[in-house]
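# Structural overview for review
One letter stands for each residue in the lines below.
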Amino acid sequence: MTLPDSTRASANPETLTALEEVYAQVKRVQRDLRPTDRIIQDLEIDSLATLEILLALEERFGVALVDNPKAATITTVGDLVGLLDELRADATTT
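To keep things clear, this report deals only with the structure shown in the data block. (Residues numbered from 1 in each chain as written. Predicted model: local features only at pLDDT ≥ 70, side-chain atom pairs only at ≥ 80, totals over all residues. Heavy atoms only, no water.)

## A closer look at the pattern of salt bridges
In total, this model carries seven salt bridges according to the counting rule given. Among the ionic pairs, R60 bridges to E21, the shortest N-O distance being 2.6 Å. Here R60, found in helix α3 (residues 47-61), pairs with E21, found in helix α2 (residues 13-27); they are 39 residues apart in sequence, far enough to count as distant. Note on R60: relative accessible area 44%, which makes it partly exposed. For E21, a relative accessible area of 37% translates into the label partly exposed. The closest approach of N and O atoms between K70 and E86, which form a salt bridge, is 2.4 Å. Here the residue K70 occupies a position in the loop between α3 and α4 (77-93), and E86 occupies one in helix α4, the gap between them amounting to 16 residues. Residue class for E86 comes out partly exposed when judged on its relative accessible area of 33%. (Salt bridge = Lys/Arg side-chain N within 4 Å of Asp/Glu carboxyl O. Helix = DSSP H or I, 4+ residues; strand = E, 2+ residues; numbered from the N terminus. Buried < 20%, exposed > 50% of the residue type's maximum accessible area, 1.4 Å probe, protein only.)

What follows is the structure, given as structure tokens:
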């Protein structure tokens, strides 16, 4: 995976790569994701696919996304990566 622009480079590469892998499993399409990609409009993820992705990320990182109120405010890939990183950091400090 390459990080061609500064907005992509600002996202945690490990988390972004994990999200790309989960997206590819659920949507059956390989795609480089950018933090500015809108989840519904740009990635064409419906509510069922969103749930599948969130559950897969929960399992992969050991965090709670589905029941987290912040998850309802996510609109972009960058929002999701940021929330995942925040939850992962919280899990390691507690």
